[in-house]
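Topology and contacts: notes
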Amino acid sequence: MTTPTLTRPELTAADRCDRCGAAAQVRAVLSSGGELLFCGHHAREHEAKLKELAAEIQK
């Protein structure tokens, strides 16, 4: 018996950065289950803090 896993859909052109509204390129899945979407610029800016929070980074 396999255990089902939930996967998040791929980012599309409709997905927007939570900081500036630009096209999202990165999804950060938080350990609490929430998610943040970032453009490339803001993903790089917040990368260290996201790693500190043990967020899963999906590009």
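Preceding block: the structure.
It should be emphasised that the depicted structure is a prediction, and the values quoted were computed from it without experimental measurement.

Re the pairing of strand 1 (residues 26-29)
- Burial along strand 1 is two-sided: Val 26 and Ala 28 and Arg 27 and Val 29, pointing in opposite directions, are all buried.
- Here four bridges tie strand 1 to strand 2 (residues 35-38), and the two strands are oriented antiparallel to one another. When the sheet's bridge partners are listed, Arg 27 is paired in strand 2 with Leu 37.
- Linking strand 1 to strand 2, which pair antiparallel, is a turn of five residues; within it Gly 33 sits at a positive phi near 105°.
- Note: strand 1 against strand 3 (residues 56-58), three bridges, orientation antiparallel. Bridge assignment links Arg 27 to a residue of strand 3, and that residue is Gln 58.

A few points about the side chain of Arg 27
- Here Arg 27 lies in strand 1.
- Judged by relative accessible area, which is 5%, Arg 27 ranks as buried.
- From its side chain, Arg 27 meets the backbone oxygen of Pro 9 in a polar contact 2.7 Å long.
- One polar contact links Arg 27 to Glu 35, side chain to side chain, over a distance of 3.0 Å.
- Once residues within four sequence positions are removed from consideration, Arg 27 is found in contact with Arg 8, Pro 9, Leu 11, Glu 35, Leu 36, Leu 37, Glu 56, Ile 57 and Gln 58.

Quick word on unusual backbone geometry
- The backbone of Ala 54 sits at a positive phi, close to 60°, despite the residue not being glycine.
- Note on placement: Ala 54 falls in the loop between helix 1 (40-52) and strand 3.

Quick look at the pattern of salt bridges
- For the structure shown, the criterion picks out four salt bridges.
- The salt bridge involving Glu 35 is made with Arg 8; its shortest N-O contact spans 2.9 Å. Taken as a pair, Glu 35 in strand 2 and Arg 8 in the segment before strand 1 lie far apart in primary sequence, 27 residues in all.
- In this structure, the salt-bridge partner of Glu 35 is Arg 27, at a minimum N-O distance of 3.0 Å.
- Glu 35 gets classed as partly exposed once you look at its relative accessible area, which sits at 34%.

Calculation rules
- Residues numbered from 1 in each chain as written.
- Predicted model: local features only at pLDDT ≥ 70, side-chain atom pairs only at ≥ 80, totals over all residues.
- Heavy atoms only, no water.
- Buried < 20%, exposed > 50% of the residue type's maximum accessible area, 1.4 Å probe, protein only.
- Helix = DSSP H or I, 4+ residues; strand = E, 2+ residues; numbered from the N terminus.
- Pairing = 2+ DSSP bridges.
- Polar contact = N/O pair within 3.5 Å; in protein donor to acceptor, adjacent residues only side chain to side chain.
- Contact = heavy atoms within 4.5 Å.
- Salt bridge = Lys/Arg side-chain N within 4 Å of Asp/Glu carboxyl O.

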